[in-house]
Amino acid sequence: MAQQEWLYGLHAMQAVLENEPERVIEIFALKGRDDARLTQIVNQARRFGISVQFCQRKVLDDKVHGEQHQGVVARAKPQRVMDESDLDRVLEKQSEPFILVLDGVTDPHNIGACLRTADAAGVHAVVVPKDKAGGLTATVRKVACGAAESVPFIQVTNLSRTLKHMQDKGVWVTGTAGEAKQTLYEVSLTGPTALVMGAEGKGMRRLTREHCDQLIKLPMAGAVSSLNVSVATGVCLYEIVRQRQQ
């Protein structure tokens, strides 16, 4: 595991300072920027005794290889990778678990967007396979706008086995697939639920599909055959939210 990682973006920085300030080693802020949110981050970091250095934009750009850092970059200790034991704790804690599973989604912008929507929808954990999936990179954290620090992001060794384990715990596993006979508006999505979203284009892997209790699809009325995975995830999660609130 890397000894350190780079974090950037205002939301991501605020979230890590609020939730895990002990991880932050030092912060680099844009020199001469008069911004209330940046000032708040700098003041909060100083209260925790974290060193803050003010730099020219090029220095910040170089540290994150040209990514959009919004004027703040931090060198931090890597976050502990959550695994199956963390998922068990989530399942035990919640009477009606609400889990999002991403199978083979690798694009960090999509993972970050899914995390952000999962946080807004009240999802208790996001589960991904360790292989053939993206991890919690700095880009994911920035796109997630703080959700990477608030929603457990759990990486499992064997996704099929994890789905079976959730089923044994009473969780109903719903997968999304274009060939499904029913749309998400025609099935019950209440109670302990895990929603499985596949990679764009490829969809869920065969073994993942076989471990689902039911398959659903989004109704597609136009010319396009599929939606971006983060958009489709948002549509599905909020239909589950709607049904859970009834």
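Criteria and cut-off values
Residues numbered from 1 in each chain as written. Predicted model: local features only at pLDDT ≥ 70, side-chain atom pairs only at ≥ 80, totals over all residues. Heavy atoms only, no water. Phe/Tyr/Trp six-rings, centres within 6.5 Å; stacked < 30°, edge-to-face > 60°. Helix = DSSP H or I, 4+ residues; strand = E, 2+ residues; numbered from the N terminus. Buried < 20%, exposed > 50% of the residue type's maximum accessible area, 1.4 Å probe, protein only. Lys NZ or Arg CZ within 6 Å of the ring centre and 35° of its normal. Arc of directions from axis to C-beta. Polar contact = N/O pair within 3.5 Å; in protein donor to acceptor, adjacent residues only side chain to side chain.

Section: the packing of aromatic side chains
For the coordinates displayed, the defined rule picks out one aromatic pair. Between Trp-6 and Phe-28, the ring centres sit 6.0 Å apart and the planes meet at 45 degrees, which makes this aromatic pair tilted. In this pair, Trp-6 sits in strand S1 (residues 5-8) while Phe-28 sits in strand S2 (residues 24-30), placing the two residues 22 residues apart along the sequence. The class for Phe-28 is buried, based on a relative accessible area of 5%. Above the face of the Phe-28 ring, Lys-63 is positioned so that its terminal group lies 4.2 Å from the ring centre.

A look at helix H7 (residues 159-168)
Listed in full, the buried residues belonging to H7 are Leu-159, Ser-160, Thr-162, Leu-163 and Met-166. For H7, the angular spread of the buried residues around the axis is 160 degrees, confining them to a single face. Exposed positions of H7 whose direction lies more than 90 degrees from the buried face are Arg-161 and Asp-168. Capping the start of H7 is the job of one residue whose side-chain oxygen sits 3.2 Å from the backbone nitrogen of Ser-160: Asn-158.

A look at unusual backbone geometry
In this structure, His-65 takes a positive phi of about 55 degrees despite not being glycine. Among the secondary structure elements, His-65 is positioned in the loop between helix H3 (57-63) and strand S4 (72-76). Here His-65 falls in the exposed class, since its relative accessible area comes to 73%. One non-glycine residue, Cys-145, adopts positive backbone phi at about 55 degrees. Mapping Cys-145 onto the fold places it in the loop between helix H6 (138-144) and strand S7 (153-156). For Cys-145, a relative accessible area of 24% puts it in the partly exposed group.

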